Amino acid sequence: MLTIALLGLLWSILRISVPYVMATLGGTVCEKAGVINIALEGILLLSALGTALGAPHGALVALVCGLLAGVATALLYGLLVVVFRGDQIVCGVAIFMLADGLSRYLLKVVFGSTSNSPRLDALVGHGPLWLLATTLLATLLLHGMIHHSVFGLRLRAVGDKPAAAQALSVSVLRVRLWAVLLSGLL
């Protein structure tokens, strides 16, 4: 009986850790590019909101809506921090506060609750195992990308020595913006 309970606990831990591992991977990409992405929790909130809003239309639509919401939030953060050179900490906190307020407001308007959405039938049974496999694959692919690709080399160069990367005709702005967008996708 204890073994079954421990296996259930381990399965729950793995299932719940998926969004946090993906956000950590996104934070890693940003850190390698020299951007401190404090907005990760806000990106998670708006991605979850996008998923919940898309769920009545099916699991695939929910997934796409969640990904688009994450990328859109990351684009806003990237514009503020990379393009307009805003303070990374202040902009990250502002994105989180915007995400917190917007998600609570839209949850109240759409679902009548400010804390969570109701159980979404479109997402029941679709993929805890698939999501774990995707997370493991994303971790391996990201490691390979960072350490064994041209983009990874540029990403690390921009994070370590942006002036040297710029001298080698690497667009620091473009690489950092792509890193922030990839973090939103993850």
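Note that this is a predicted model, so its numbers are computed, not measured.

Rules used in this analysis
- Residues numbered from 1 in each chain as written.
- Predicted model: local features only at pLDDT ≥ 70, side-chain atom pairs only at ≥ 80, totals over all residues.
- Heavy atoms only, no water.
- Helix = DSSP H or I, 4+ residues; strand = E, 2+ residues; numbered from the N terminus.
- Buried < 20%, exposed > 50% of the residue type's maximum accessible area, 1.4 Å probe, protein only.
- Contact = heavy atoms within 4.5 Å.
- Areas by Shrake-Rupley, 256 points an atom, 1.4 Å probe, with all protein chains shown as cover.
- Lys, Arg positive; Asp, Glu negative; His and termini not counted.
- Charge placed at Lys NZ, Arg CZ, Asp CG, Glu CD.
- Polar contact = N/O pair within 3.5 Å; in protein donor to acceptor, adjacent residues only side chain to side chain.
- pLDDT = per-residue confidence, 0-100.
- Axes fitted to C-alpha atoms, helices over the stretch in contact; angles between N-to-C directions.
- Parallel < 35°, antiparallel > 145°, perpendicular 65-115°, else oblique.
- Left-handed = near helix turned anticlockwise from the far one by under 90°.
- Nonpolar A, V, L, I, M, F, W, Y, C, P; charged D, E, K, R; others polar.
- Core = buried A, V, L, I, M, F, W, Y, C linked by side-chain atoms within 4.5 Å.
- Disulfide = S-S within 2.5 Å.

Asks: Please clarify how the overall build of the protein chain should be interpreted in this entry.
Replies: Tallying secondary structure elements over the protein chain gives eight helices and zero strands in all. Order of helices (α) and strands (β) in the protein chain, N terminus to C terminus: α-α-α-α-α-α-α-α. Residues classed as buried in the protein chain amount to 32% of the 186 residues present. Nonlocal contacts in the protein chain, meaning residues at least 24 apart in sequence, comprise 66% of its contacts between residues at least 6 apart. Of the accessible surface of the protein chain, which amounts to about 11100 Å², a share of 72% is contributed by carbon and sulfur atoms. If the 11 positive side-chain charges of the protein chain are averaged to one point and the 6 negative ones to another, these points end up 7 Å apart.

Asks: Would you take a moment to explain the side chain of T73 for this structure?
Replies: Note that T73 resides in helix α3 (residues 59-83). A polar contact is formed between the side chain of T73 and the backbone oxygen of A69, at a distance of 2.7 Å. Every residue in contact with T73, bar those within four places of it in the chain, is listed here: G42, I43, L46 and I95.

Asks: How do you make sense of the confidence of the model for the protein chain when you look at a structure like this?
Replies: It should be kept in mind that the predicted coordinates are not to be read in detail where pLDDT is low. The share of residues in the protein chain with pLDDT of 70 or more is 95%, and the mean pLDDT across the chain is 91. Helix α8 (residues 172-185) holds the highest mean pLDDT among the elements of the protein chain, 96, whereas helix α1 (residues 2-33) holds the lowest, 90.

Asks: When you look at the packing of α3 against α8 in this model, what are you seeing that I'm missing?
Replies: Relative placement of two packed helices is described by the angle separating their axes and the distance separating the axes. Packing of α3 against α8 brings their axes to within 7 Å, and their N-to-C directions diverge by 150 degrees. Between α3 and α8, the angle falls in the class roughly antiparallel. Once α3 is placed against α8, the crossing between them reads as right-handed. In contact with L67, G70, V71, A74, L75, Y77, G78, L79, V82 and V83 of α3, α8 contributes L173, R176, L177, V180, L181, G184 and L185. When its residues are assigned to classes, the contact of α3 with α8 shows 13 nonpolar, three polar and one charged.

Asks: What am I meant to see in the nonpolar core here?
Replies: Within soluble globular proteins, side chains that are nonpolar tend to cluster in buried spots. One finds L155 and V158 to be the most contacted residues of the largest nonpolar core, which totals 16 residues. Of all the secondary structure elements, the ones that give two or more residues to this core are α1, α5 (128-148), α6 (150-160) and α8. For this core, the element with the most residues is α1, which contributes five residues. Among all residues touching L155, those that are not within four sequence positions of it are V29, K32, A33, M145, I146, V175 and A179. Membership of the second largest hydrophobic core comes to 11 residues, among which are C30, I43, V82 and C91.

Asks: Teacher, can you tell me more about the state of the cysteines here?
Replies: What makes a disulfide is a covalent bond joining the sulfur atoms belonging to two cysteines. With the rule as written, the count across this model stands at zero disulfides. C30 takes part in no disulfide bond, and the closest cysteine sulfur to it belongs to C91, at a distance of 13 Å.

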